[in-house]
Amino acid sequence: MAVLGITATLLGWVAILLLVSIWKQVHSSWNLPPGPFPLPIIGNLFQLELSNIPKSFTRLAERFGPVFTLYLGWRRVVVVHGYKAVREVLLDYKNEFSGRGELAVFQEHKDRGESNSQARWSTTTTRTVMGASRRALATYGTDNHSNSIRMNSGDGLCMQRIAQFLVEEGKEGVGRPFDPTLVLGGGPCNVIADILLRRRFPYDDDTCLRLMRAFNENFYLLSTPWLQFYNSFADYLRYLPGSHRKLMKNVSEIKKYALERVKEHHQSLDPKCPRDFTDCLLVEMEKEKHSPEPLYTLDSIAVTVADLFFAGTETTSTTLRYGLLILMKYPEIEEKLHEEIDRVIGPSRIPAIKDRLEMPYMDAVVHEIQRFIDLVPSNLSHEATRDVMFRGYVIPKGTVIIPTLTSLLYDSQEFPDPEKFKPEHFLNENGKFKYSDYFKPFSAGKRVCVGEGLARMELFLFLSAILQHFNLKSLVDPKDIDLSPAAVGFGSIPPHYKLCVIPRS
Ligand code: HEM
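Residues numbered from 1 in each chain as written. Predicted model: local features only at pLDDT ≥ 70, side-chain atom pairs only at ≥ 80, totals over all residues. Heavy atoms only, no water.

A.B. asks: So what about the confidence of the model for the protein? Which residues, and what values?
C.D. replies: Looking at the protein, pLDDT values average 88 and 86% of them are 70 or higher. Within the model, the stretch residues 111-125 combines pLDDT values under 50 with 49 contacts to residues more than four positions away or in other chains. In the model, residues 141-155 has pLDDT below 50 throughout and makes 31 contacts with residues more than four positions away in sequence or in other chains. (pLDDT = per-residue confidence, 0-100. Contact = heavy atoms within 4.5 Å.)

Below, the structure written as structure tokens:
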């Protein structure tokens, strides 16, 4: 009996070795970029620190070079690291690598016909819709004459009014410590709600607060180690309990809200006079009503509205929240900002976008905040749209491509002492703003962030308006403020904190 057991164990062991060696041969016969040897099923799980995957990418790039292959479970991924290689992928190969890699946690919603930002972004439908979004958002705050969509006036007036609301809301909290998450979220949330739905929420509106909590929770959950693990092994984990279920529940709620608004808009649509972005998409839907394969449906429009709502709110508000924490740690930087605001804008005029030209220090601080916090460290995944010959390697169609943004924003040649927060990274010796081509927090190329222009305006206007009216006061000694993120994954999440604001006049 014992002999039989030993023989079976040995045979099993030989079979495993054989499988591994066949797998190794098949794997090395492809002309893929180098990378650590993947094990069957788990791939390169052991080479990754799930609590900080961008850091693992940096470590692997030191070993394998700027372009390397990894397996996340069965999924083949090519990671691209460093300015030259990332630029090549995003700009020189912009068509070949313009597909959208899908996150498993959203994929399941797609399978159930529910909302899915990433997954939908890879379809033709969404590419068309995203094209329309790019055009519409590019005109927000800059196009005086558009009568096809209400896009407000040339100086971002709507945004300015919202900045004012933000300040009013801040006054409510004067003198008592508060968590700034929802107050800061209210600004970007109202800007995007105005564009998408021509809607403005009072700051204590229950629906708005519920949506903002769902956005905020999802951005955090997407950045936790469990979700990194889940996205690689969703096939095995799908039916288990866990925070992925909470994330999907939030996505459903956001999508439900968007679908209700889209249906309301459809019922009162006047195609000759679209009121907002949703109406513009509905007009397109009406035009292709008789097409056998319509690109636009009420459902796909709701998905786009939900995507833009989430992306448009959470990114900008997280940047502001992280930004205020950084400024509390460096009161001397906050002081210089007050001085510049007082000189250029004064105490009562509402900040305007044109002020940016005369405010190089604020401009540099906003850039440095975005560089330092590295909001989307590993970018959104791209996908090879066909077999591509890249730097002598063959990258098969469907391979997920990760053009990391950390590798540009933390490049130590371009930004000396990248781990330190230094507005001087974006200032020349005369104190003028200094451009850097390595500054790509919004990525670049065909898939560059749709909301880049909008986000830049918001960050400048909201931060200027807040600092025009308030001094920030930390509850702990500034030296003890720890700026390390609370989670790093899909995003870089700031630690939870409270602050006080003191009126300046
Ligand atoms: C600080 C603010 C923001 C940052 C750092 C940021 C960053 C990014 C990044 C890195 C990407 C991926 C680009 C790529 O795949 O190459 C992206 C995509 C996207 N962003 Fe942003 N974003 C911000 C604000 C916004 C805003 C305000 C909106 C909405 C108005 C928005 C909507 C989107 C959408 C819809 C996509 C997907 C585009 C596509 O798939 O073609 N983002 N963003």
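Let us keep going from here.
A.B. asks: Before we move on, could you go through the site of the ligand and cite the residues and values that matter?
C.D. replies: Residues in close proximity to the ligand total 27 residues, the closest being Arg100, His382, Ser443, Arg447 and Cys449. Here Arg100 contributes a side-chain N or O atom positioned 2.7 Å from an oxygen atom of the ligand. Between the ligand and the protein, one listed contact pairs an oxygen atom with a side-chain N or O atom of Ser443 at 2.6 Å. Contributions of two or more residues to the shell around the ligand are made by helix H6 (124-139), helix H14 (298-329) and helix H18 (452-469). Among the elements that take part in the shell around the ligand, H14 stands out by supplying six residues, more than any other. Class assignment for the residues of the shell around the ligand results in 15 nonpolar, nine polar and three charged. (Near = heavy atom within 4 Å. Polar contact = N/O pair within 3.5 Å; in protein donor to acceptor, adjacent residues only side chain to side chain. Helix = DSSP H or I, 4+ residues; strand = E, 2+ residues; numbered from the N terminus. Nonpolar A, V, L, I, M, F, W, Y, C, P; charged D, E, K, R; others polar.)

A.B. asks: Give me the nonpolar core: which residues, what numbers.
C.D. replies: Phe97, Val105, Phe309, Met362 and Leu472 are the most contacted members of the largest nonpolar core, which totals 128 residues. The leading source of residues in this core is H14, at 14 residues. Beyond its immediate sequence surroundings of up to four residues, Met362 is in contact with Leu337, Glu340, Ile341, Phe460, Leu463, Ser464 and Leu467. One finds Leu48, Leu60, Val79 and Ile402 within the second-largest nonpolar core, a separate group that totals 13 residues. (Core = buried A, V, L, I, M, F, W, Y, C linked by side-chain atoms within 4.5 Å. Buried < 20%, exposed > 50% of the residue type's maximum accessible area, 1.4 Å probe, protein only.)

A.B. asks: A description of the coordination of the iron atom of the ligand should follow, citing residues and the corresponding values.
C.D. replies: On the protein, Cys449 (SG) is the one donor atom to the iron atom of the ligand, at 2.3 Å. For Cys449, the position within the fold is in the loop between helix H17 (406-409) and H18. (Donors = N, O, S within 2.8 Å, 3.2 Å for Na, K, Ca; no water.)

A.B. asks: Can you break down a nonpolar patch on the surface residue by residue, with the values?
C.D. replies: Taken together, the side chains of Ile41, Trp74 and Tyr236 present a nonpolar region at the surface, about 350 Å² in accessible area. Relative to the elements of secondary structure, Trp74 occurs in the loop between strand E1 (67-72) and strand E2 (75-80). (Patch = residues over 30% accessible without salt bridge, like charges linked within 9 Å, V, L, I, M, F, W, Y side chains within 5 Å. Areas by Shrake-Rupley, 256 points an atom, 1.4 Å probe, with all protein chains shown as cover. Salt bridge = Lys/Arg side-chain N within 4 Å of Asp/Glu carboxyl O.)

A.B. asks: Describe the environment of Leu325, listing the residues and the values that go with them.
C.D. replies: Structurally, Leu325 is set in helix H14. Distance in space between the C-alpha atoms of Leu325 and Pro494 is 8.4 Å, their sequence separation being 169 residues. Here Leu325 is in contact with Ile481, Asp482, Leu483, Pro495 and Tyr497, once residues within four sequence places are set aside.

A.B. asks: Quick rundown of helix H8 (residues 181-197)? Include the residues and the values.
C.D. replies: For H8, which comprises 17 residues, the first-to-last C-alpha distance of 23 Å matches the rise-based estimate of 24 Å (1.5 Å per residue) to within 8%. The largest bend in H8 amounts to roughly 25 degrees and is located at Gly187, with the proline Pro188 lying one to four residues further along. Taking burial as the measure, the 17 residues of H8 include 16 buried ones, the bulk of the element. One or two residues past the end of H8 sits Arg198, with phi positive at roughly 50 degrees. (Expected span 1.5 Å × (residues − 1). Bend = angle between axes of the 7 residues up to and from the residue.)

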